[in-house]
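# Topology and contacts: notes
Chain by chain, the residues run as shown.
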Amino acid sequence: MTDLAHYITQYGYWALLIGCLLEGETITLLGGIAAHNGLLRLPLVIAVVAIGGALGDQVLYFAGRHFGGRGLARIESQQARIERAQKLIASHPILFVIGVRFMYGFRLIGPVLIGASKLPPSRFIPLNILGAILWATLFVLLGYFGGQAISSFVSGSDKKLYSLLFCVVVIAAILLLRYWWRRRHAQ
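What you see is a predicted model; the values in this text were computed from it and never measured.

When helices and strands are counted, the chain shows eight helices and zero strands. Listed by position from the N terminus, the elements making up the chain come as α-α-α-α-α-α-α-α. Looking at the chain residue by residue over its 187 residues, the buried ones come to 37%. Counted over contacts in the chain with a minimum sequence separation of 6, partners at least 24 positions apart contribute 76%. Approximately 10900 Å² of the chain is accessible, and the part contributed by carbon and sulfur atoms is 69%.

With respect to the helices, strands and loops of the structure, T26 is situated in helix α2 (residues 25–36). For T26, a relative accessible area of 27% translates into the label partly exposed.

Once that is clear, we can look at helix α6 (residues 109–116). Burial analysis of α6 places seven of its eight residues in the buried class, the great majority of the element. Where α6 is concerned, the buried positions are G110, P111, V112, L113, I114, G115 and A116. Following α6 by one or two positions, K118 has its phi on the positive side, about 65°.

Time to look at the confidence of the model for the chain. Looking at the chain as a whole, the pLDDT averages 81, with 79% of positions reaching at least 70. By mean pLDDT, helix α8 (residues 159–186) is the weakest element of the chain at 68, and helix α5 (residues 93–99) is the strongest at 89.

Its identity is not glycine, yet K118 carries a phi of approximately 65°, on the positive side. Its relative accessible area of 48% is what places K118 among the partly exposed residues.

Parameters at a glance
- Residues numbered from 1 in each chain as written.
- Predicted model: local features only at pLDDT ≥ 70, side-chain atom pairs only at ≥ 80, totals over all residues.
- Heavy atoms only, no water.
- Helix = DSSP H or I, 4+ residues; strand = E, 2+ residues; numbered from the N terminus.
- Buried < 20%, exposed > 50% of the residue type's maximum accessible area, 1.4 Å probe, protein only.
- Contact = heavy atoms within 4.5 Å.
- Areas by Shrake-Rupley, 256 points an atom, 1.4 Å probe, with all protein chains shown as cover.
- pLDDT = per-residue confidence, 0-100.

In structure tokens:
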């Protein structure tokens, strides 16, 4: 365990940054758990996660501004979702930009859609940063306090068991939310 703890404290912030550029929620929750266990500092975890999330969405936004129209036209199977999202962007751009990272299925395509909508960077960038800060704070604290809740539940048990149990609960919750979301939109 000490080797793993050493690697987490040594490279954890970099792993969070790269993980948030690529994916998001799972790595963010794990960052909160690491902060709860004292391996990483909570304020730095939130800051790194927010920076990673904002940078990733920024790259996707500019890709959408440059390639968006041509690229989106090629995704024929998702045209109904794309059109619905474009209407939301047109009618509620502030809410869509801030909330896109909270919408399952839009984490990667959302910023591309926003870029393709030609929402000016002067509006997107501050809203993207605000959304990233809110998202990072929420998910890191979920990991932090979720880790604390499970820790008190398993109190006295092996920390490896507690960490494994929390990871299983988080993954199961994410899978259940995905299943529910897909069923909801399939109807």
